[in-house]
Structures are given as structure tokens and as C-alpha cells.
Amino acid sequence: MNVPENLKYAESHEWANVEDGNARIGITDHAQSELSDVVYVELPKVGDKVEAKQAVAVVESVKAASDIYSPLSGTIIEVNSELDGNPALVNSDAFGAGWLFVVSVDNPGELDGLLSAEEYTRQIS
Amino acid sequence: MLKKTPLYEDHVKAEGKMVDFGGWLMPVQYSGIMDEHHAVRNGLGVFDISHMGEVFISGPGAKAYLNGLLTNNVERIAPGECQYTFLLNEKGGIIDDLLVYQTGPEAYLLVVNASKIEEDVAWMQAQLPAEGVVFENRSDDFAGLAVQGPRAAQLFDKFFEGKYSRPARNEIITVQVGNAEILIARTGYTGEDGFELFFPAGYASRVWNELLSAGAEFGIKPCGLGARDTLRLEMCYPLNGSDLSGEHTPLEAGMSIFVDLAKPAFMGRDVLAAQKAEGVKRRLVPFKMVGKSPPPRSHYPVYKNGEQVGETCSGSLSPSLGVGIGMAYLPTAIARANEEVEIDIRGRRFPATIEKKPLHRKN
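Owing to the predicted nature of the structure, the values given are computational and were not obtained by experimental measurement.

1. Topic: the overall build of chain B
The helix and strand tally for chain B stands at eight helices and 20 strands. Out of the 363 residues in chain B, the part that is buried amounts to 46%. Restricting to contacts in chain B with at least 6 residues of sequence separation, those with at least 24 account for 66%.

2. Details of the overall build of chain A
From N to C terminus, chain A includes four helices and nine strands. Beginning at the N terminus, the succession of helices and strands in chain A can be written as β-β-β-α-β-β-β-β-β-α-α-β-α. Against the compact-globule benchmark of 14 Å for 125 residues, chain A has a radius of gyration of 13 Å, which places it among compact chains. Expressed along its principal axes, the backbone C-alpha trace of chain A runs to roughly 35 × 35 × 20 Å.

3. Let's talk about unusual backbone geometry
Of note, the amide linkage connecting Lys357(B) to Pro358(B) takes the cis form, showing an omega dihedral of -10°. The phi torsion at Asp37(A) lies on the positive side, around 35°, for a residue other than glycine. With respect to the helices and strands, Asp37(A) occurs in the loop between α1 (29–35) and β4 (38–42). The residue Asn170(B) is not glycine, and still its phi comes out positive at about 65°. Tracing the backbone through its elements, the reader meets Asn170(B) in the loop between α5 (152–160) and β11 (172–177). On the basis of neighbour count, Asn170(B) is assigned to the partly exposed category, with 16 C-beta atoms found within 10 Å.

4. A short note on the sheet that holds strand β1 (residues 3–4) of chain B
Residue and element names in this part refer to chain B. If you walk across this open sheet you meet the three strands as β1-β3-β2, and the pairing is mixed. At either end of the open sheet lies a strand with only one pairing partner, and these are β1 and β2 (17–21). Pairing of β1 with strand β3 (residues 24–29) involves two bridges; the strand directions are parallel. Looking at the pairing, Lys3 lines up with Trp24 of β3. Packing of helix α7 (residues 225–234) onto the sheet brings it into contact with β2 and β3, and relative to β3 it is tilted by some 70°.

5. Considerations on the nonpolar core
Within the largest apolar cluster, 132 residues are counted, with the highest numbers of intra-cluster contacts made by Val41(A), Leu66(B), Val100(B), Leu110(B), Leu145(B) and Val147(B). Residues contacting Val147(B), with those up to four places away along its chain left out, are Leu44(B), Val46(B), Ala152(B), Leu155(B), Gly194(B), Phe195(B) and Leu211(B).

6. Observations regarding the sheet that holds strand β20 (residues 348–354) of chain B
Residue and element names in this part refer to chain B. Reading around the barrel, the six strands line up as β15-β18-β17-β16-β19-β20 and close back on themselves, with antiparallel pairing between neighbours. The mean angle between the axes of side-by-side strands here comes to 45°, regardless of whether they run parallel or antiparallel. With seven bridges connecting them, strand β15 (residues 282–289) and strand β18 (residues 324–331) associate as antiparallel partners. The partner of Leu284 across the bridge, within β18, is Tyr329. Those strands touched by α7 are β17 (307–317) and β18, and its axis lies near 125° from that of β17.

7. Considerations on the interface of chain A and chain B
Listed as interface residues are nine residues of chain A and, on the opposing side, 13 residues of chain B. The greatest single-element share of the side of chain A that touches chain B, amounting to three residues, is contributed by β4(A). Of the residues assigned to the side of chain A that touches chain B, the class counts are four nonpolar, one polar and four charged.

8. A word on the environment of Pro150(B)
Residues and elements named next belong to chain B. Among the secondary structure elements, Pro150 is positioned in the loop between β10 (142–148) and α5. Since 16 C-beta atoms lie within 10 Å of it, Pro150 is described here as partly exposed. For the pair Pro150 and Phe218, spaced 68 residues apart in the sequence, the C-alpha separation amounts to 9.8 Å. Ignoring anything within four residues of it in the chain, the contact list for Pro150 reads Asn42, Gly43, Glu192 and Asp193.

9. A word on the pairing of strand β9 (residues 101–104) of chain A
Residues and elements named next belong to chain A. Only one face of β9 is covered, namely the one carrying Phe101 and Val103; the face carrying Val102 and Ser104 has none of its residues buried. As paired strands, strand β3 (residues 22–27) and β9 are joined by four bridges and run antiparallel to one another. Bridge pairing in β9 links Asn22 to Ser104. Where strand β8 (residues 74–79) meets β9, three bridges bridge the pair, whose relative direction is antiparallel. Opposite Glu78, over in β9, you have Val102 as the bridge partner.

10. Section: the pairing of strand β7 (residues 65–69) of chain A
Residue and element names in this part refer to chain A. Alignment of strand β6 (residues 55–61) against β7, held across five bridges, turns out to be antiparallel. The residue bridging Ala57 from the neighbouring strand is Ile68, located in β7. Remark: three residues form the turn of the hairpin made by β6 and β7, two consecutive strands paired antiparallel.

11. Side note on α5(B)
Residues and elements named next belong to chain B. Residues Ala152, Leu155 and Phe156 constitute the buried set of α5. One side of α5 holds all its buried residues, which, seen down the axis, span an arc of 105°. Looking at the buried side of α5, the elements it contacts are β10, β13 (194–200) and α6 (204–215).

12. Examining the environment of Thr75(A)
Residues and elements named next belong to chain A. Within the fold, Thr75 resides in strand β8. Along the primary structure Thr75 and Ser12 are separated by 63 residues, whereas in three dimensions their C-alpha atoms are 20 Å apart. Other than its neighbours up to four places away in sequence, Thr75 contacts Gly47, Lys49, Val103 and Ser104.

The rules behind these values
Residues numbered from 1 in each chain as written. Chains lettered and ligands numbered in written order. Predicted model: local features only at pLDDT ≥ 70, side-chain atom pairs only at ≥ 80, totals over all residues. Helix = DSSP H or I, 4+ residues; strand = E, 2+ residues; numbered from the N terminus. Buried ≥ 20, exposed ≤ 12 C-beta atoms within 10 Å, placed from the backbone. Contact = placed C-beta atoms within 7 Å. Rg over C-alpha atoms; globule rule 2.2 N^0.38 Å. Pairing = 2+ DSSP bridges. Axes fitted to C-alpha atoms, helices over the stretch in contact; angles between N-to-C directions. Core = buried A, V, L, I, M, F, W, Y, C linked by C-beta atoms within 7 Å. Nonpolar A, V, L, I, M, F, W, Y, C, P; charged D, E, K, R; others polar. Arc of directions from axis to C-beta.

Quick look at the structure:
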């Protein structure tokens, strides 16, 4: 299973890519594989204030709806509108084109609570 | 402790994703629900249905016993044939839906839902006559496989090399494979052509693997419970526990053709007769989402003209249609094709229309 070194991870299977005070969020390769066949993605709205560990999006596979939690507190500044027409990007490119949203990092201290690639790999193996 | 079918090791080897399904550790999928669904609609798939229950009933009193117990009329079938039927409680509510196969002049096989084996058996045994009926619950030592898809007949012919001719739709035959006696029925839960095989559990792995290798040239895929659910929902076949329950009668479930009220007596008959005379208040109907929406799931509220009129009992994305589909019990006045309703999905309402059965039709 692919777990890029440069990302931070939440125990609830989201990844965070922090750059310039903002974090791009998606679900991990492991998570998309567990869900399989993503058929619908419900995203937060730009401008929404979110708390860490708050359910902010829903990823639906054929079988079930799964809540996606923001790993960090902040404001939603961008969402991946490509997923509206092509939700399967979450399956085909979980760490790339299948990203979900970008949240401002209001509390950088929260980053210490996230897992490293090594720690996340241990969690899923 | 979750129960395992005799194919557990084979599922793990085939990278089946094993989940708890009503106390059974079962594969929900292998290659993916979509992929397996399309394999069955367009080619061939094989499902492990060993979790289902097999109850053998025989003897000079078997026919009368079953006719007093089940809603459909066993007189309507002959040896080698089968029928869909219901086991009801005293209130006419559904305990289980099942298939009765007549395997001999005085012999029957009942195939019941896995989660209902104990309840069915206890209820059926409580009504056994003092003599004339032999009742054997062989669920634990029987395996079951469902081979489903438009290429199923080709696989049958290849597998038996002309030694046996295919049973016709809803018929059952007994074949010999090595030392194993296998019951093969032309039945299924997918809406496609196909066969269901029932045989002693010890042969399960061998039969499973022989079917997979013989079926390779027809593109056979192992299929899990996920695809089984989307396939049956597209056909509007009800699932006990979701669409059927002790709170609903077969008439409410839209299944009156499997109820013979002309029979003098069967468990729940009087309740159903009264309900038929009065007219049912609610009926199970299929619906389809209109336009783009999240897929419906079970227990989503259903609205009509701003008022909640019911809730969904089954729901999924339909892989064949590419839209959300489901079933719901709705007031009779609106339980008819083309009615417009709304499904509440996480607090937002999305339009849907009531449809005719089945939701998926062959081109």
C-alpha cells in the first residue's frame, strides 16, 4: 500500500499535505481501497469553519456512506470540484487528483497530533 | 465468534474482503462491487451461498405440513420444480422468504436465509405433526454456490460434457460429480440466467475451484455479497431484514402472487384474508433518484408534498443504471409508478420517482 513519506496522516485515514500555512486533505490509498468504487463525494463549502476531527465531507461507495474528518482546524479555502463529475478520482489517484479540500492551518500545534508515514503504515499493517 | 463457510480459506486466497454479515464472515467483494456486478450482468459470476440454510422435509405428511406452514401452494409444484414462498408468524408478518424445491414425490428442500435459520427451524419444528414428516436441518453440513450470468448455460454444458441436460428455469436436478451428489437448480437472486448448487460441505472447495477454472474461458469472477445486493435490488427482489420483516405481510411487500388465499388454512392466512378484503395501507415499491444525488441508503426519510410518508428500506447506486435506486413502504395512494417523492439524504431532499418492477430490464 502506498504511503507517501512527505504527508501527515490521521488515524481516521485522511492525509494532509501542508504548504504555506494551508493543508490539502484527501483520503489514503488504504482508505480508498477499503471503500472501493467511490460513486459520490459530498464536500464542505468554501468559507466553512471546521474543527479538527469534525466530519466535514462524505465519500460514498456503492455499499456505504463514510464520513471524512478534517484532520485540522481552520477555514475551507478550496474544494476539489473535479470530483463532482468524476468521483472515481478518489480511487484512481487518492494522493493526487483525488484530493478533497484545502483547509487553512489555524493551529499549527495540531500537526504534532498527526501520524508520520511510518506511524500510519504501522496502523494499517 | 463469527461463523465461517467451508470456502473461507478460498475467499481469503482470492483476496475477498471478509466482513461480518449477520454473524457470518463472508466476502463482501473481491475485485470490486461494480466489476463483479457487471460480470454477472454481462458474463458470469459465482457466489458462495453456503451461509444459507438447507432444511430437508420428507414423508407422507410433508406436503400437507408445508401447505399449512407456507403461503404458496405446494400442490402447484411437481417433483423437480420449485416455488418462492413465505413463512409467516401468527399476525401474518414475514418470518422468512424462502424457496421450496420438490426433490422427490414426498421430499422437499427448503433454502432459507442465513440469519433466520434458527428462528425458522424452531418455528417450523413447533408445528411438526406427531408423525408422517421427517424434518432435517442440514444447514451446517451443506454448502451452496450460485453461478449467475448470461454465460451460465455454457458453463453448465462444458462442466458436464453432455452427461446431464440443463434443468429448465425453476427446475432442480440431482447430478453426480465424483462421489458427491449435487442438487442443481435453475434459480438465483440476480435476475440473470444461472444455477444454484447445493451439496455436502466437504466438497465445497473442490467444486468452487473446478467451477472457477472451467468458467475461466467465460470470464467467470468470484462475486461477493456487495454485488449480490446491487443485483437483487435492481430486480426488486426483497431482502429479509431490510425489505421484509415481522411487521409487514407479503401483501404489503407486493408479493401476493406467492400467497394462495384459496388454501383452507396456513399460518397467518386469516390476517392476510382480512387485509386483502380491507386493502393494504402501505406497499413496498421501488424508486429511482432523478438527476444527480448521493445514493440512497436504508432508513432515509421519504417525503411527499412536504410531509414524511415513510422511509427507505433498501438503497444503493445501481451499477447498471448509474443512478440511485431503492425500495420503500409507502401509503397505498402514492405507492404507484410515476409518483414523485423526495428522499431526505443527510438533511437535504432529492427528487425520486416511484417505478415499476423491475428497475433493471434486459435490453
